[in-house]
Amino acid sequence: MQRVKTAIIGCGSISNIYMESFTNGKFNIIELIACSDLDEMRMRESAEKFGIRAMTLDKVLADESIELVINLTTPAAHYPITKRALLAGKHVFSEKMIAVELEEGKELVALANEKGLRLGVAPDTFLGASIQTAKYIVDKGLIGRPVSCRASVSRNYGIYGEFLPHLYKKGAGIGFDMGGYYLTALAAILGPIKQISAFTEISGKSRKNTRVGAPMFEQDYELEVPNVIAAALQYESGVLGTLHMNSDSIIDERANLEIYGTDGILIMGDPNLFGATVYLQKTNSTPVAFPLTHGFAENSRGLGAAEMAWSIRAGRNHRASKEMAQHVFETMHGIMISAEKKEAYSLESRFEIPASLPEGYIGDGAWTRKEESALI
Ligand SMILES: NC(=O)c1ccc[n+]([C@@H]2O[C@H](COP(=O)([O-])OP(=O)(O)OC[C@H]3O[C@@H](n4cnc5c(N)ncnc54)[C@H](O)[C@@H]3O)[C@@H](O)[C@H]2O)c1
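Residues numbered from 1 in each chain as written. Predicted model: local features only at pLDDT ≥ 70, side-chain atom pairs only at ≥ 80, totals over all residues. Heavy atoms only, no water.

Right, let's talk about the environment of Leu-233 for a bit. Of note, Leu-233 is situated in strand 11 (residues 228–235). By relative accessible area, which is 2% here, Leu-233 ends up buried. Distance from Leu-233 to Ser-148, taken between C-alpha atoms, is 9.5 Å for residues 85 residues apart in sequence. Excluding anything up to four places from it in sequence, Leu-233 contacts Leu-183, Ile-193, Gln-195, Ile-196, Val-239, Leu-240, Gly-241 and Leu-243. (Helix = DSSP H or I, 4+ residues; strand = E, 2+ residues; numbered from the N terminus. Buried < 20%, exposed > 50% of the residue type's maximum accessible area, 1.4 Å probe, protein only. Contact = heavy atoms within 4.5 Å.)

With that settled, consider the site of the ligand. Around the ligand, 22 residues are found, and the nearest of them are Ser-13, Ile-14, Asp-37, Arg-42 and Lys-96. Between an oxygen atom of the ligand and a side-chain N or O atom of Asp-37, the distance comes to 2.6 Å. For the ligand, an oxygen atom lies 2.6 Å from a polar atom in the side chain of Arg-42. With the chains in place, 81% of the 810 Å² that the ligand exposes on its own is no longer accessible. With respect to the detected pockets, the ligand is housed in the largest pocket. Secondary structure elements with two or more residues in the shell around the ligand: helix 4 (75–87) and helix 8 (173–190). Looking at the shell around the ligand residue by residue, the classes come out as nine nonpolar, seven polar and six charged. (Near = heavy atom within 4 Å. Polar contact = N/O pair within 3.5 Å; in protein donor to acceptor, adjacent residues only side chain to side chain. Areas by Shrake-Rupley, 256 points an atom, 1.4 Å probe, with all protein chains shown as cover. 1 Å grid on protein atoms, 1.4 Å probe; cavity = no way out; pocket = protein on both sides within 12 Å on 5 of 7 lines; lining within 4 Å. Sits in = over half its atoms within 2 Å of the grid points. Nonpolar A, V, L, I, M, F, W, Y, C, P; charged D, E, K, R; others polar.)

Turning next to the layout of surface pockets. Volume-wise, the largest pocket comes out at about 1,100 Å³. Looking at the largest pocket, it is lined by 45 residues, and the ones nearest its centre are Ser-13, Leu-72, Thr-73, Thr-74 and His-166. Breaking the lining of the largest pocket down by element, the ones donating at least two residues are helix 2 (40–50), helix 4, helix 7 (157–163) and helix 8. For the lining of the largest pocket, a count of residues per class yields 22 nonpolar, twelve polar and eleven charged. Each of two domains, domain 1 (4–121) and domain 2 (126–290), supplies a minimum of three residues to the lining of the largest pocket. (Points joined across faces, edges and corners; volume = space filled by probe spheres on them. Domains from an automatic or database assignment.)

Moving on: the nonpolar core. In terms of nonpolar packing, the biggest core is built from 115 residues, with Ile-70, Leu-243 and Met-332 touching the most fellow members. Tallying contributions element by element places helix 8 first for this core, with twelve residues. Two domains share this core, each providing at least three of its residues, namely domain 1 (4–121) and domain 2 (126–290). Residue contacts for Ile-70: discarding those within four places in its chain leaves Thr-6, Ala-7, Ile-8, Ile-9, Tyr-18, Phe-22, Ile-30, Phe-93 and Ala-305. (Core = buried A, V, L, I, M, F, W, Y, C linked by side-chain atoms within 4.5 Å.)

Attention now moves to the sheet that holds strand 7 (residues 146–154). Read across the open sheet, the nine strands follow the order 16-15-14-13-7-12-11-8-17; overall the sheet is mixed. Each having just a single partner strand, strand 16 (288–290) and strand 17 (345–346) make up the two edges of the open sheet. The sheet contacts of helix 6 (residues 129–139) involve strand 7, strand 14 (265–268), strand 15 (278–281) and strand 16, and relative to strand 14 the element is tilted by about 175 degrees. Against the sheet, helix 10 (residues 322–341) engages strand 8 (193–201), strand 11, strand 12 (240–246) and strand 17, with an angle of about 50 degrees to strand 8. (Pairing = 2+ DSSP bridges. Axes fitted to C-alpha atoms, helices over the stretch in contact; angles between N-to-C directions.)

Moving on, we get to the domain arrangement of the protein. Split into domains, the protein comes out as domain 1 (4–121) and domain 2 (126–290). Distance between the C-alpha centres of domain 1 and domain 2: 26 Å. Taken together, the contacts link seven residues of domain 1 with nine residues of domain 2. Taking both sides of the interface into account, the surface hidden between domain 1 and domain 2 amounts to around 710 Å²; carbon and sulfur atoms contribute 61%. The tally of links between domain 1 and domain 2 comes to two salt bridges. (Buried area = accessible area lost by both parts, 1.4 Å probe. Salt bridge = Lys/Arg side-chain N within 4 Å of Asp/Glu carboxyl O.)

Following this line, the structure appears as structure tokens:
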């Protein structure tokens, strides 16, 4: 199989795990040859550490040998960089979310279709052992017919946001930054949402950064986006759900993600992780930890891009699809629009539930097949 020559744009916090997995043999399909960042020092440090080339974005886009661009920049740069890369004829895998404005996401989906290019979008945690096991449980009918679901997360963005200021800005906030993990996990199991009704708040709008060493130390700043969200979701299948998010709370976070069925309850762990324990509860019994049926239980960021690269070679649809990403993105925008207009929001976008990964590929390649075989 011919490896897919790839460049990563954005050498910040999340880039390390991607670069590691593409250079240490975890995902062989991707041949990482270059990286790029506006911050030249970061770019050179990453290039040196992983033995790849440091290149400007212009050079990456002009290099005909590069097939795939992985966009790991901050949310505001997702749309312009993904658009330029698609226009330059590259396949793109982007970190979440697909863009900042709803229309930008739509435009990117249409552009990729028009150009016949792949566009995949994180989060790829739904391809990890935990959510794939959860999907196995539902697909095998172990909770009966899904009837309702509940997702809830609380965090302290006073801490996270002072180091990563983009978390306070448009395009992020707990909704766009964290909502994607919960909504994507549910989307991959339950399918599309039809309608949303929501309330949002900005709790503690004006703040001062008191964290010594943080980029905005001693600066006053304002939250640009809601940090408290309460939404009711109606899935096309008839499932009803709630989403609660609060980033003006404490550290450590509390994550809840559950699907209630006619014959059982599925209790998933934090969907930001790849291998959180999944519990199944049946009538008159306590929740029981379910053995993970799938591979990729450890931190496997880059899995979605690698799966897309295998799909390009195999000529099949990739799983972290632009359609599902745009639907999740529209869901979060719909929550904001519903809260603002004080009326229900009906979603336009639809997607096909991505196929499950094959089960059982959990070996290290010595006694069983290598984990990456699940992606072929
Ligand atoms: N940090 C995490 O734990 C984490 C986890 C999962 C996903 N993500 C996602 O990954 C993305 C990046 O997050 P991060 O935490 O690594 O941010 P970061 O701020 O640490 O890194 C982003 C990098 O992108 C570069 N950049 C910004 N605009 C650019 C442009 N126009 N051209 C080239 N480079 C540009 C910045 O200089 C910076 O080095 C975000 O979409 C985020 O949601 C982050």
